[in-house]
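Residue-level listing of the chains:
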Amino acid sequence: MTLLEALALLAIGTVAGFINVLSAGGSMLTLPLLMFLGLPAQEANGTNRVSIVLQSLSAVTSFFRAGARHVALSLRLSVPAVVGSLIGAWLALKTGDALFEAILIAVMAGSAVLMLLPQPRLATRPLTAERLTPAVTLAMFAIGLYGGFIQVGVGVLFLVVLYRMLKIDLAQVNVFKVLIILVYTLPALALFLVTDQVRWGYGLVLAAGSMLGAWLAVKVNMSPRGAFVVKWLTVAVIVAIILRLLLG
């Protein structure tokens with residue numbers, strides 16, 4: 001790894017960690033970056049999980065220090081997600097690099113469109129155990145399956161399930177999201193590790209930036225205007241990455 005590559009990993013990791021905690025889309029920056037730096041698609045997919053785990057750990061710790069307490073319900077939501085994640089990671093390892101890259105391009109395009117859709121204003125309420133219906137369990141399994149396979153844009157799915165389906169306040173959605181992602185990414189990372197698809201040097205440098213970005217995101221109370229600007233800048237970068245992938 002060159003100094004320029006390390007600086008790029010740190011910079012993009014910081015941006016991605018910030019975006020992942022406040023909304024979604026960080027892996028749409030980090031996964032292609034790892035591929036641009038020469039990692040095969042599956043190694044990039046596995047290496048990206050190092051950053052996801054550590055940035056999620058950073059965010060969870062910061063949220064807890066700020067007074068958030070949703071461990072029991074988050075762990076209940078995590079159980080089906082873990083099962084799905086292991087299946088998704090196994091499927092990813094069985095997918096060839098060319099097909100994986102094609103899926104990545106399609107997922108990035110779809111996620112970018114979804115990110116631009118306005119969030120409806122819903123009457124939210126706290127999550128309680130009796131609201132965890134079989135439909136919610138199935139939805140969390142699907143999120144874990146998708147996250148285990150590719151992770152890119154998984155935050156958009158959390159908005160659909162936690163905000164639109166369960167009508168949890170958006171600030172609380174972020175707390176649930178980062179803890180659930182931490183729990184289900186650990187076994188997925190383990191599967192990539194045992195199949196030798198993780199490059200630790202790249203992953204740890206990227207994670208250092210991501211943890212900084214996640215910490216900053218927890219500290220920042222972003223205005224609606226600021227969130228709007230970040231969203232559009234993220235989409236612009238994603239479009240540029242898609243074009244780069246398509247043009248080879």
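Heads up: these notes are all about the structure in this document. Treat the numbers as computed from the prediction; the structure is a model and nothing was measured. The numbering scheme is per chain: residues are counted from 1 as the chain's sequence reads. Reporting of local features is limited, given that this is a predicted model, to residues whose pLDDT is at least 70; pairs of side-chain atoms are given and counted only at 80 or more, and all residues count toward the totals for whole chains, interfaces and linings. With hydrogens and water excluded, all non-hydrogen atoms of the structure serve as input to the side-chain values.

Moving on, we come to the overall build of the chain. Helix and strand content of the chain: 10 helices and zero strands. The helix and strand sequence of the chain, counted from the amino end, reads α-α-α-α-α-α-α-α-α-α. The buried share of the chain, taken over its 248 residues, is 50%. Residue contacts are defined here by distance: any two heavy atoms, one from each residue, within 4.5 Å place the two residues in contact. For the chain, restricting intrachain contacts to residue pairs at least 6 apart in sequence, the fraction spanning at least 24 positions comes to 85%. In the structure as shown, the chain presents an accessible area of about 11,100 Å², 71% of it carried by carbon and sulfur atoms. Helix and strand definitions follow DSSP, with helices as H or I runs of at least four residues and strands as E runs of at least two, each counted in order from the N terminus. Accessible area is worked out with a 1.4 Å probe on protein chains only. A residue is then buried under 20% of its type maximum, exposed over 50%, and partly exposed in between. Calculation of accessible area relied on Shrake-Rupley with a 1.4 Å probe; when residues are assessed, cover is drawn exclusively from the protein chains displayed.

Residues Val 83, Ile 87, Trp 90 and Leu 91 make up a contiguous nonpolar surface patch of about 350 Å² in total accessible area. Following the sequence through the fold, Trp 90 ends up in helix α4 (residues 71-93). Patches draw on residues past 30% relative accessible area with no salt bridge. Two like charges within 9 Å are joined, as are two nonpolar side chains (Val, Leu, Ile, Met, Phe, Trp, Tyr) within 5 Å. Take a side-chain nitrogen of Lys or Arg and a carboxyl oxygen of Asp or Glu: if they are within 4 Å of each other, that pair is a salt bridge.

Let's shift gears to the side chain of Gln 151. Note that Gln 151 resides in the loop between α6 (134-149) and α7 (154-165). Owing to a relative accessible area of 4%, Gln 151 belongs among the buried residues under this scheme. Contact partners of Gln 151, with chain neighbours within four places excluded, come to Ser 27, Arg 49, Ile 52, Tyr 146, Ile 181, Tyr 184 and Thr 185.

With that settled, the discussion passes to the packing of aromatic side chains. Between rings of Phe, Tyr and Trp, where Trp is taken as its six-membered ring, a pair exists when centres lie within 6.5 Å; planes separated by under 30 degrees are stacked, by over 60 edge-to-face, and by other angles tilted. Across all of its chains, the model carries one aromatic pair by this definition. The interplanar angle of 40 degrees and the centroid separation of 5.9 Å between the aromatic rings of Phe 100 and Phe 149 together place this pair among those described as tilted. Of the two residues, Phe 100 is situated in helix α5 (residues 97-116) and Phe 149 in helix α6; the sequence distance between them amounts to 49 residues. Residue class for Phe 100 comes out buried when judged on its relative accessible area of 0%.

Here we come to the environment of Leu 157. Its place among the elements puts Leu 157 in helix α7. Through-space distance from the C-alpha of Leu 157 to that of Ser 111 is 9.5 Å; in sequence the pair is 46 residues apart. Setting aside residues no more than four positions away along its own chain, Leu 157 makes contact with Ile 143 and Tyr 146.

For helix α2 (residues 27-36), the buried fraction is high: nine of the 10 residues fall into the buried class. Ser 27, Met 28, Leu 29, Thr 30, Leu 31, Pro 32, Leu 33, Leu 34 and Met 35 are the residues of α2 that are buried. Trailing α2 by a residue or two, Gly 38 shows a phi angle of about 105 degrees, which is positive.

Our next topic: the packing of α2 against helix α3 (residues 41-65). Fitted lines through C-alpha atoms give the axes, limited to the stretch in contact for helices. The angle between two N-to-C directions lies from 0 to 180 degrees. The interhelical angle for the contact between α2 and α3, taken along N-to-C directions, is 135 degrees, at an axis separation of 9 Å. Classified by the angle between their axes, α2 and α3 sit oblique to one another. At the point where α2 passes α3, the crossing takes the right-handed sense. On α3, the residues that touch Ser 27, Thr 30, Leu 31, Leu 34 and Met 35 of α2 are Ala 41, Ala 44, Asn 45, Thr 47, Asn 48 and Ile 52. Gly is placed with the polar residues, together with every amino acid not listed as nonpolar (Ala, Val, Leu, Ile, Met, Phe, Trp, Tyr, Cys and Pro) or charged (Asp, Glu, Lys and Arg). Grouping the amino acids of the contact of α2 with α3 by side-chain chemistry returns six nonpolar, five polar and no charged. Put simply, angles under 35 degrees are roughly parallel, angles over 145 are roughly antiparallel, angles from 65 to 115 are roughly perpendicular, and the rest are oblique. For a crossing to be left-handed, the near helix must be turned anticlockwise from the far one by less than a right angle; the clockwise case is right-handed.

By convention a nonpolar core is built from buried Ala, Val, Leu, Ile, Met, Phe, Trp, Tyr and Cys residues, the set being connected through side-chain atoms within 4.5 Å. Ranked by internal contacts, the top residues of the largest apolar core, which has 47 residues, are Leu 31, Leu 104, Met 108, Val 152 and Ile 238. When contributions to this core are tallied by element, the ones reaching two or more residues are α1 (3-22), α2, α3, α4, α5, α8 (170-194), α9 (200-219) and α10 (224-247). Excluding residues that lie within four positions of it along the chain, Ile 238 makes contacts with Met 28, Leu 29, Met 108, Ala 112 and Met 115. Counting 23 residues, the second-largest nonpolar core is a separate cluster that includes Leu 132, Met 140, Val 154 and Tyr 184.

Once that is clear, we can look at the pattern of salt bridges. Side chains that differ in sign of charge can pair as their charged atoms come close. For the structure shown, the criterion picks out one salt bridge. Arg 199 is paired through a salt bridge with Glu 43; the nearest N and O atoms lie 3.1 Å apart. Note that Arg 199 is positioned in the loop between α8 and α9 and Glu 43 in helix α3, a separation of 156 residues in sequence. Relative accessible area serves as the criterion here: at 18%, Glu 43 is assigned to the buried category.

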